[in-house]
Amino acid sequence: MIPDIDDHIRHSTRHIGRSVPRREDRGPLTGRGRYVADIKLPGMLEVCIVRSTEAHARITEIDTSQAEALDGVVAVYTGADLADVSTFPDYIAYIGAVRQRPLATDRVRYVGAPYAAVVAVDRYVAEDGAALVAAGTIYEPLPTVADLAQALAPGAPKLFDDWDSNVSVDVAPHKPEVDRAFEEADHTFTDTYWSQRQTGLPMETRGVVAEVTDGTLTVWSSTQSPHMVRTAIALMLGVPEPQVRVIHPVVGGGFGTKTHTYPEDIVVPWIARRLGCAARWIEDRAENLVASAHAREQRHDVEVAYDDDGAIGAIRCTSTLDMGSGEIFMPGTAPVFVTNACITGGYDFPNMQARTVGVVTNKTPAGAYRGFGIPEGAFVMERIIDRVARLTGTDRVALRRRMLLRPGQTPHVMHGGGRLDSGSHTESFERALETTAPALERARTRHADDSDVRVGVGYCNYVEPTSPSYHLTTGQWGGHDSATVRVDPDGSVRVAAGLSAMGQGNETTAAQLAADALGVSPEQVTVVLGDTERAPYGLGSWGSRGAMMLTGSVLMASERLLDKARRIAAHLLEASPGDIVVSDGAFHVAGSPQPSVSWADVGTTAWVRTVDLPDDIEAGLETSAFYHPEHLTHQLDEDGKINAAASWSNGTHIAVVSVRVSTGEVRIEDFIVVHDCGTVINPALVEGQVHGGVVQGIAGAMYEHFQYDSDTAQPRFSSFMDYLVPTCAEAPPIDVDHIESPAPDQPLGVKGCGEGGTVGPPAAVAGAVSDALSEWGVDLTECPVTPVAVRAAIRAAEAAGRGPGATR
Amino acid sequence: MKPAPFEYCRPSSVSEAVDALAAAESGRVLAGGQSLIPAMNFRLTDVSVLVDIRDVAGLDRVTVEPGGVTVGAAATQSRVLADDGAAAVVPGLRVALRHVGHLQIRNRGTVCGSIAHADPAAELPALAVAVDATISVEGPDGGRNIAARDFLLGPFWTALDDAEVVTEVCFPAAPEGAVTVVDEISRRAGDFAVTGLVAIIEPVDAVVRSARLVGFGVGGAPMRLTEAEAALSGWAGHHTDSAVLEAAAADAADAFEDIHATAEYRREVLGALVVRAARKALNSGASP
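None of these values were measured; they are calculated from a predicted model.

> What is the right way to read the overall build of chain B from this model?
A count of helices and strands for chain B gives 12 helices and 14 strands. A compact globule built from 288 residues would reach a C-alpha radius of gyration of about 19 Å, and chain B, at 19 Å, matches this within 12%. By residue count, 54% of the 288 residues in chain B fall in the buried class. Taking the contacts inside chain B whose residues are at least 6 apart along the sequence as the reference set, 60% of them involve residues at least 24 apart. For chain B, the distance from the average site of its 23 positive side-chain charges to the average site of its 37 negative ones is 7 Å.

Here it is as structure tokens:
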């Protein structure tokens, strides 16, 4: 909490809360954005990573001689060459240690696992060399496990010989009160819900450029967390950390996949040091599909206790995450913990017991992806509510109304320990319902004459943890972030923050915050992000933390700076610091605008004409702050609970769909969003986050499914011909409305909004399609809802004698 | 995603192109490159010489005559799509091309290239079979004309010999009064079809007099749906769908299964597309 500056800003706000135009778009939109792939260094060599074509195998021989003999190939390295590089740390004690090496040495556990690197004069030759290395590789295939069932079967082949099984983590609190609730309930049902494997797919793939100059290893990486990459490089290569500089230039999206520190972040700098010249690796699209983190593949075994009137008494849920090979840093286990923490959402019911399991398989390692376990949990909850409503003949909307938290019921601690600090759970649902009624009517009218079409509506009320702890995820880092604010002699403001930016608009946000805090215009503020030499140590951008962490750190640093600036101004004006106010870029005594001194006067005095400073004020006008949010905790308490997020946004998503019965085609007629992320700093940025998030959520609801062959654990495709990413042509009309429930304990009441958009679509679309097909009793338990899945559900119903066309 | 080394040549005549192909260990013709170049970048196809025919004079010509439309090998899909005369004589060209890729793809992709590529889920090969198009090719031994149904042999497999190049495809005019429908189930706008149908239907007094039906994305090559054609003959909108659905499913008995759909799905939606096309034809009475 920073009450002084909060107060100051509340009384002088001119930019916070407005759609200040984005400052970061000119470069990318005019083709002048400098991405990692645009960095050209003298003598720079190109690296191609050689990846396993086997899902599970020992590598018995890698003959690199043919590749090395190829004209234009400079060097070929295998895991054995990197013996001086340490493994990625296994910081989390309660999950299975994987001891991941940057290049596999003797065993590969998924298709795409890196095991060699070819360095050549260009990418074409490097790929020719990689093909020769691949041809010279002898595998001894091992039996594969392609899914959870195979991995958990008795006697299943193990990925890690020193593990007891393929289970990396299994946390199962026992709650006797849940047992009692099941004994006392009128009814129970059990079912299994699924969330399918996807990947984040930033428009810009990953990339790393490295060079050593004058004793400094400089690394450009398309990462979301440059400081964490720096720490990992220093640790693993054994280089003093001050001699490593990591820069993330313009980054074209991350969506969580770039929060990880990947093998290439280590291998490319190692090559640059080894060869003494610049090296670069740019991930290509095909690589990206298997070499960057996957996510979302979870199974949920659910037991629900409910009464005749639809009241849910208790839920037991075992959430099992398919971790892929688990060879990823940071580990990919955290999303399934978030799933269990968020299943309840804004719904209040008496008892819940969640078991959290992570299992390794021979697939690309699972990790972070926008939503980070939240959509999976919301899907389970909403499908359960629809089921209970149907089983008890209760209205779906009425049942939700009964369960949702009402005004005045926050703060509310969920069953997993998450503390909903504020929110508009009932209000957002009601407001979304108001918008839905005419949308539903329109859809029904539109299709009234077509007997092949059914219309349905589906609901999702969700919560979104924002500014989370990184400790549960990494086992190491916490939850702070940082900013340094400086005013130069000319009065210009410079903000450098530990946050990064991948397109969200964090630079614009930082400028708005600093402008209002210091009484200047955003144009006077220069923002520096994503460079470890120029910005203080921060954790980067992920977990919907940009807005809150920037607010906290920029305002804290600005307050300290303003305090010093006031004292300098007071000295120049021969007044008392307590009487000095700043507005429109000038300091004066409150109530009398003249005489005044400008930020340039103060800056010049602080840095240049230091002879004018009073004796008790040091030269310079620069302050730093490290902000850690209130209420954010990092360790489980004795009951196994944790509030691992600083604040909780919430919202409602409602899908109105039409379904063509004969072909199974689904069309989202309208998608309604009511979104509450606390105080909004820039409405246009928030709206953009919601729109993009919803379309990514629709990707999971209807399109994307990363499939593997169940016999061989080979990916079933390698391009966008088959991995179906929705485009603007598939985006439905999205209606966005905002409610602002300020975070009571955070500066300015700011929460976060990066992920909420992804959360609702799977639940809302599955609910809407099930509703549309209620004549058949269809109750979808997984996504994507494809035409094939819809037809299969109709066929199954008709075979069981349900539906208008069924023969009884 | 960089191709293996290859040679590139840009002949100025068909005979030079044929010579280049004949001399190549593994030559391929480049026209629009919308399928070939990605395949090369993925190193899925082995190409020693790429023969770019876009400089061959006259190959981009589109000739519209009352009896049909002749499309040269270098004519882009956008060019044909925009041709009102072609659309008047062979309505199927326009309705099929609307389903092909996106604007950027059609600006480079060629009509003949799509047919020569023979993707089993592509619209243009199915149209060619449906209208009895003729594919003209030139080779070391001279030229020959091949009926589309004999040209398209299987997935990415045609009757074209190694050193032959497609020079043009002639699409005969649609019968007077016929309605051409190209409809498909595709997962996203511009995707190849999961299952698709080209239907040329002649309605008379709200009854189907005759129908010519070709399914695509069902088998290895465009598939004439003879049973469905028979079932549709004499069909009217108030008749039940079931006979048509069953006939189409029988035509598609050997439908394939892939990542996008089961064989069962393909069989049943093919029938749904036939019914949809018939209703559309009966309702419109004129070309859409």
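Following the structure, the description resumes.
> Which parts of the structure should I look at to understand the overall build of chain A?
Summing up its helical and strand segments, chain A has 20 helices and 30 strands in all. The C-alpha radius of gyration of chain A comes to 28 Å, within 12% of the 28 Å expected for a compact globule of 808 residues. A buried classification covers 64% of the 808 residues belonging to chain A. Looking at chain A as shown, the accessible area adds up to about 28,000 Å², and 50% of this sits on carbon and sulfur atoms.

> Teacher, can you tell me more about the packing of helix α18 (residues 683-703) of chain A against helix α19 (residues 756-772) of chain A here?
Any two packed helices are characterised by the angle at which their axes cross and by the distance between the axes. Residue and element names in this part refer to chain A. At a closest axis distance of 6 Å, the pairing of α18 and α19 adopts a crossing angle of 40°. Regarding α18 and α19, the two cross each other, and that crossing is right-handed. Here Val 690, Gly 693, Val 694, Gln 696, Gly 697, Ile 698, Ala 701 and Met 702 of α18 come into contact with α19, specifically with Gly 757, Thr 758, Pro 761, Pro 762 and Val 765.

> In this structure, what is going on with helix α8 (residues 123-130) of chain B? I would like to understand it.
Structurally, the α-helix is built with 3.6 residues per turn, so residues lying three or four positions apart point the same way. All names here are of chain B. For α8, the buried fraction is high: 8 of the 8 residues fall into the buried class. Taken together, the buried positions of α8 are occupied by Glu 123, Leu 124, Pro 125, Ala 126, Leu 127, Ala 128, Val 129 and Ala 130. Taken from the residues just after α8, Asp 132 is the one with a positive phi, measuring 60°.

> Sorry, what's going on with the domain arrangement of chain A here?
Size of an interface: often given as the accessible area lost when the parts come together. All names here are of chain A. Domain annotation of chain A identifies domain 1 (3-31 + 480-627), domain 2 (36-142 + 205-251 + 257-291) and domain 3 (294-471 + 633-799). Each side of the interface is counted separately: domain 2 has 25 residues, and domain 3 has 27 residues. The junction of domain 2 with domain 3 conceals about 2,200 Å² of combined surface from both sides, 64% of it contributed by carbon and sulfur atoms. Linking domain 2 to domain 3 there are 1 salt bridge. By residue class, the composition of the side of domain 2 that touches domain 3 is 15 nonpolar, 7 polar and 3 charged.

> Hey, could you run me through the nonpolar core in this one?
General note: in soluble globular proteins, nonpolar side chains tend to be found buried as a group. Membership of the largest hydrophobic core comes to 131 residues, with the highest contact counts inside it found for Ile 315, Ile 384 and Val 769 of chain A. Looking at which element gives the most residues to this core, the answer is helix α11 (residues 374-392) of chain A, with 9 residues. Leaving out residues up to four positions away in the same chain, Val 769 of chain A has contacts with Val 657, Val 659, Val 666, Leu 780, Val 785 and Val 790 of chain A. In terms of nonpolar packing, the next biggest core, distinct from the first, is built from 58 residues, Val 18, Val 71, Val 111 and Ala 133 of chain B among them.

> What's the story with the sheet that holds strand β25 (residues 586-589) of chain A in this structure? I'm lost.
Residue and element names in this part refer to chain A. In spatial order, the strands read β24-β25-β26; together these 3 strands make up an open sheet with antiparallel pairing. Both outer strands of the open sheet, β24 (580-583) and β26 (592-598), are each paired with one neighbouring strand and no more. Put simply, the sheet's adjacent strands are angled 40° from each other on average, direction ignored. As paired strands, β25 and β26 are joined by 4 bridges and run antiparallel to one another. When the bridges of β26 are listed, Val 589 appears paired with Ser 592. In this fold helix α16 (residues 546-573) packs onto β24, β25 and β26, with an angle of close to 60° to the strand it touches most, β25. In the packing of helix α17 (residues 599-607) onto the sheet, the strands contacted are β24, β25 and β26, and the crossing angle to β26 comes to about 40°.

> Help me understand the side chain of His 260 of chain A in this model?
Residues and elements named next belong to chain A. Take His 260: it is sitting in the loop between β12 (244-247) and α8 (263-275). Separated by 3.0 Å, the side chain of His 260 and the backbone oxygen of Met 330 make a polar contact. With sequence-adjacent residues up to four places away left out, His 260 is seen in contact with Asp 265, Ala 293, Ile 328, Phe 329, Met 330, Pro 331, Gly 367 and Ala 368.

> So what exactly am I meant to see when it comes to the interface of chain B and chain A here?
Taken residue by residue, the interface counts 24 residues in chain B and 33 residues in chain A. Carbon and sulfur atoms make up 57% of the area that chain B and chain A hide from each other, which totals about 2,400 Å². Together, Arg 187, Arg 188 and Ile 259 of chain B form the three largest contributors to the area buried by chain B at its contact with chain A, with a combined 30%. Along the contact surface separating chain B from chain A lie 6 salt bridges. The interface formed by chain B and chain A contains 14 residue pairs in polar contact (both at pLDDT 80 or more). Ranked by the residues each element gives to the side of chain B that touches chain A, the list is headed by helix α12 (residues 263-284) of chain B, at 6 residues. In the side of chain B that touches chain A, the residues fall into 13 nonpolar, 2 polar and 9 charged.

> Sorry if this is basic, but what is going on with a nonpolar patch on the surface here?
A cluster of nonpolar residues, Val 74, Val 121 and Leu 275 of chain A, forms a patch on the protein surface that exposes about 220 Å² of accessible area. Accessibility expressed as a relative area gives 42% for Val 74 of chain A, which makes it partly exposed.

> So what exactly am I meant to see when it comes to the pattern of salt bridges here?
When the charged atoms of two side chains with opposite charge come close together, those side chains can pair. Per the counting criterion, the structure on display carries 69 salt bridges over all chains. Measuring nitrogen to oxygen at the nearest pair gives 2.3 Å for the salt bridge that ties Asp 779 of chain A to Arg 387 of chain A. Taken as a pair, Asp 779 of chain A in the loop between α19 and α20 (787-799) and Arg 387 of chain A in helix α11 lie far apart in primary sequence, 392 residues in all. Residue Arg 387 of chain A is classed as buried on the basis of its relative accessible area of 10%. Among the salt bridges present, the one from Arg 149 of chain B reaches Asp 132 of chain B, with a minimum N-O distance of 2.8 Å. A residue pair is termed long-range when its members are at least 10 positions apart, and Arg 149 of chain B in helix α9 (residues 148-151) and Asp 132 of chain B in the loop between α8 and β6 (134-139) qualify at 17 residues.

> Just checking my understanding: could you explain helix α12 (residues 396-403) of chain A for this structure?
Residues and elements named next belong to chain A. Every buried residue belonging to α12 is among Arg 396, Val 397, Leu 399, Arg 400 and Met 403, and all of these are buried. End-on view of α12: buried residues confined to an arc of 160°, all on one side of the axis. Buried residues along α12 sit against β16 (312-322), α11, α13 (425-446), β20 (453-468) and α19. Where α12 begins, the capping side chain belongs to Asp 395, and its oxygen is found 3.1 Å from the backbone nitrogen of Val 397.

What counts and what doesn't
Residues numbered from 1 in each chain as written. Chains lettered and ligands numbered in written order. Predicted model: local features only at pLDDT ≥ 70, side-chain atom pairs only at ≥ 80, totals over all residues. Heavy atoms only, no water. Helix = DSSP H or I, 4+ residues; strand = E, 2+ residues; numbered from the N terminus. Rg over C-alpha atoms; globule rule 2.2 N^0.38 Å. Buried < 20%, exposed > 50% of the residue type's maximum accessible area, 1.4 Å probe, protein only. Contact = heavy atoms within 4.5 Å. Lys, Arg positive; Asp, Glu negative; His and termini not counted. Charge placed at Lys NZ, Arg CZ, Asp CG, Glu CD. Areas by Shrake-Rupley, 256 points an atom, 1.4 Å probe, with all protein chains shown as cover. Axes fitted to C-alpha atoms, helices over the stretch in contact; angles between N-to-C directions. Left-handed = near helix turned anticlockwise from the far one by under 90°. Domains from an automatic or database assignment. Buried area = accessible area lost by both parts, 1.4 Å probe. Salt bridge = Lys/Arg side-chain N within 4 Å of Asp/Glu carboxyl O. Nonpolar A, V, L, I, M, F, W, Y, C, P; charged D, E, K, R; others polar. Core = buried A, V, L, I, M, F, W, Y, C linked by side-chain atoms within 4.5 Å. Pairing = 2+ DSSP bridges. Polar contact = N/O pair within 3.5 Å; in protein donor to acceptor, adjacent residues only side chain to side chain. Patch = residues over 30% accessible without salt bridge, like charges linked within 9 Å, V, L, I, M, F, W, Y side chains within 5 Å. Arc of directions from axis to C-beta.

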